[in-house]
Amino acid sequence: SLIKEDQIIYSQTYGVTHAQTREPVTSQTLFEAGSITKLVASFAVMRLYEKGQIDLDKPLYTYLENEEINDERYQLMTARHVLCHQSGMSNWPKKDENGQFQLNFTPGTQYGYSGKAYEYLKLVLEAITHQSIDTILKEEVLDPLGISDMHF
């Protein structure tokens, strides 16, 4: 779509939804977006921060302990570290025989992309708000922005 002065001036769909069926893409076709949802989740975190429900610099374990991490440095990890990809967690870390893993570095000292850290932050948000992540994202992002065609 092309947008000029807040108006859609041209919109067209291209492609197929499946290579074998050749079903065409429409304006209602939903696509799996993957890591783009981190932007939406980050927006929700900032909305909760504005409401005083989460402190970006308070260690996450004080909200919810993470028993998967066998590394005391994780107690330094904050929401800010996760949002900046400085948590110390691998993207999807390999667990040991006890179902635990180590951090790659001390939180806040390096950059390291991590989907797993966002999963931990998601659990923290659910613990803080006593709501599912779907409800949090709907109430904090989708509804206020008038977005109706996005699902998690």
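Here goes a summary of the coordinates provided. (Residues numbered from 1 in each chain as written. Predicted model: local features only at pLDDT ≥ 70, side-chain atom pairs only at ≥ 80, totals over all residues. Heavy atoms only, no water.)

As for helix H4 (residues 133-145)
- Look at H4: 17 Å from first C-alpha to last across 13 residues, which is about the 18 Å you get at 1.5 Å a residue.
- Those residues of H4 not exposed but buried are Ile 133, Ile 136, Leu 137, Glu 140, Val 141 and Leu 142.
- Buried residues in H4 make contact with helix H1 (37-50) and helix H3 (115-129). (Helix = DSSP H or I, 4+ residues; strand = E, 2+ residues; numbered from the N terminus. Expected span 1.5 Å × (residues − 1). Buried < 20%, exposed > 50% of the residue type's maximum accessible area, 1.4 Å probe, protein only. Contact = heavy atoms within 4.5 Å.)

A closer look at a nonpolar patch on the surface
- Together, Leu 2, Ile 9, Tyr 10 and Tyr 14 make up an exposed nonpolar region whose accessible area comes to about 480 Å².
- Relative to the helices and strands, Tyr 10 is located in strand E2 (residues 7-10). (Patch = residues over 30% accessible without salt bridge, like charges linked within 9 Å, V, L, I, M, F, W, Y side chains within 5 Å. Areas by Shrake-Rupley, 256 points an atom, 1.4 Å probe, with all protein chains shown as cover. Salt bridge = Lys/Arg side-chain N within 4 Å of Asp/Glu carboxyl O.)

So, the pairing of E2
- Both strand E1 (residues 2-4) and E2 contribute to a ladder of three bridges, which runs antiparallel. The residue of E2 that forms the bridge with Ile 3 is Ile 8.
- Here E1 folds back onto E2 in antiparallel fashion, the turn holding two residues, of which Glu 5 has a positive phi close to 50°. (Pairing = 2+ DSSP bridges.)

Thoughts on the packing of H1 against H4
- Running from amino to carboxyl end, H1 crosses H4 at an angle of 100°, the nearest separation of the two axes being 9 Å. Relative to H4, the element H1 lies roughly perpendicular. Contacts between H1 and H4 involve Val 40, Ala 41, Phe 43, Ala 44, Arg 47 and Leu 48 from the former and Ile 136, Leu 137, Glu 139, Glu 140, Val 141 and Pro 144 from the latter.
- Broken down by class, the residue content of the contact of H1 with H4 amounts to nine nonpolar, no polar and three charged. (Axes fitted to C-alpha atoms, helices over the stretch in contact; angles between N-to-C directions. Parallel < 35°, antiparallel > 145°, perpendicular 65-115°, else oblique. Nonpolar A, V, L, I, M, F, W, Y, C, P; charged D, E, K, R; others polar.)

A look at the pattern of salt bridges
- Per the stated rule, a full pass over the model turns up eight salt bridges.
- Close ionic contact of Glu 140 with Arg 47 constitutes a salt bridge, the shortest N to O distance being 3.3 Å. Of the two residues, Glu 140 sits in helix H4 while Arg 47 sits in helix H1, which places them 93 residues apart along the sequence.
- Residue Arg 47 is classed as partly exposed on the basis of its relative accessible area, which comes to 24%.
- We note a salt bridge from Asp 143 to Lys 138, for which the minimum N-O separation is 3.0 Å.
- Among the residues examined, Lys 138 registers a relative accessible area of 44% and is labelled partly exposed.
- Where salt bridges share partners, they join Arg 47, Lys 51 and Glu 140 into one cluster.

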